[in-house]
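# A closer look at the structure
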Amino acid sequence: MPIDNSNMLKVIEDFPQQCKTALELPKGISVSGKVDKIFVCGMGGSAVGGDLLKIYMQNSKIPVFVVRDYKMPNFVDENSLIFAVSYSGNTEETISAYQDAVKKKVKIVAVTTGGQLGSMAKKVIKIPTGLQPRAALGYTFFPVLGVLANSGIIDVNGKEIEEMLGILSKKDEFNAVGERIAKKIGQRTPIIYASEMLNAVAYRWKTQFNENSKVPAFHHTFSEMNHNEIAGFQSMNKNNFIAIFIKDKDDNERIKKRMDITKEIISSRVDVEEIFTRGEHLLSRMFSGIYYGDFASYYLALANKIDPTPVTVIENLKKKLK
Ligand code: F6R
């Protein structure tokens, strides 16, 4: 019996191509007028792009807020730009936040395959159907980036895109590392750590282990974990947990030192795996960090004889809420 019935492996392998296609989708779409705050509303796989945008725009004067809720924050005003992102277009929290945003008369762009959001929104970027939302990260992230670039809010240079696509296209290397990590994890629960800057990358690993491999997984950041979570390792043993550190060349020097010392301290209680993001540009580093985890979660599903694609429990829960 094949386990990967919907061929998630191909979807993951095609991710660089998905990014290329996604880069074309926002062509000609922009917003006008003053923008001094950006909000990305979405849930689960459709919210990850918002988290990544927040990292990408960390040095911008325009703050990015990710809204995983039914309501927009009170400080939304006429200078706010809202992206309502829902792969299906039928996620109730995102629809509700969208309706709240409409009441506030702000600029809104929807990114969706259709659904209710697709019919309600005036400005819509339609993305291709047929994927699991979490596997459509290219389609949910790059249209947002494109609109911001087209509107003169950010400057995305061709070199960073080129570097990212070049790195991701070495998919066999990501595949091999992912497979190795999955074997190493075995039956243990992964805890993924990154710097606060790459929090979203560690969180994506966690959610991919949850949704693709159907296992519990946790994440936390440096250096906050040095102030609490590290104490819990005292009662851990190597059979139950494994720690994965995602390291980045631009991690603060003190964070790098903390990661090394932490590894030394916790190594007697837990195995520690280290993953290094790749590339010079932030875009490459974020997506390469994520890509390793996508493969790792895929191979962990296979090792557990679990089909990585369906998330029946999430679908059933949504049905019960109707
Ligand atoms: C399933 C997945 C979920 C969905 C979430 C919201 O693959 O990733 O986390 O993203 O339930 O649904 P959408 O993305 O359709 O708004």
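This report concerns the structure included in the present document. (Residues numbered from 1 in each chain as written. Predicted model: local features only at pLDDT ≥ 70, side-chain atom pairs only at ≥ 80, totals over all residues. Heavy atoms only, no water.)

### Here's the deal with the packing of helix α8 (residues 171-185) against helix α12 (residues 282-303)
- Across the interface, α8 lies against α12 with an axial gap of 7 Å and an inter-helix angle of 50 degrees. Relative to α12, the element α8 is oriented oblique. Here the hand of the crossing between α8 and α12 comes out right-handed. Here K171, E173, F174, N175, V177, G178, E179, I181, A182 and I185 of α8 lie close against α12, whose contacting residues are S288, Y291, Y292, F295, A296, Y299 and L300.
- The residue inventory of the contact of α8 with α12, partitioned by class, reads 11 nonpolar, 3 polar and 3 charged. (Axes fitted to C-alpha atoms, helices over the stretch in contact; angles between N-to-C directions. Helix = DSSP H or I, 4+ residues; strand = E, 2+ residues; numbered from the N terminus. Parallel < 35°, antiparallel > 145°, perpendicular 65-115°, else oblique. Left-handed = near helix turned anticlockwise from the far one by under 90°. Contact = heavy atoms within 4.5 Å. Nonpolar A, V, L, I, M, F, W, Y, C, P; charged D, E, K, R; others polar.)

### Digging into the packing of aromatic side chains
- Enumeration according to the criterion identifies 17 aromatic pairs in this entry.
- An angle of 65 degrees between the planes, with centres 6.0 Å apart, marks the rings of W205 and F209 as edge-to-face. One end of the pair is W205 and the other is F209, both in helix α9 (residues 199-213) and 4 residues apart, which spans about a single turn. Each member of the pair, W205 as well as F209, carries the same accessibility label: buried.
- With 5.3 Å between their ring centres and 75 degrees between their planes, F222 and F245 make a pair best called edge-to-face. In this pair, F222 sits in strand β7 (residues 218-222) while F245 sits in strand β8 (residues 241-247), placing the two residues 23 residues apart along the sequence.
- An aromatic cluster of at least three residues, connected via ring pairs, comprises F15, F141, F142, F174, F287, Y291, Y292 and F295. (Phe/Tyr/Trp six-rings, centres within 6.5 Å; stacked < 30°, edge-to-face > 60°. Buried < 20%, exposed > 50% of the residue type's maximum accessible area, 1.4 Å probe, protein only.)

### Focus: the sheet that holds strand β6 (residues 189-195)
- In spatial order, the strands read β7-β6-β8-β9; together these 4 strands make up an open sheet with parallel pairing. Edge positions in the sheet fall to β7 and β9 (271-276), since each has one partner strand and no second. Going across the sheet, the axis of each strand differs from the next one's by a mean of 25 degrees, ignoring polarity.
- As judged from the 5 bridges shared by β6 and β7, these two strands associate in the parallel manner. Bridging from a neighbouring strand, Y193 pairs with H220 of β7. (Pairing = 2+ DSSP bridges.)

Scope: geometric values only; no functional claims are made or implied.
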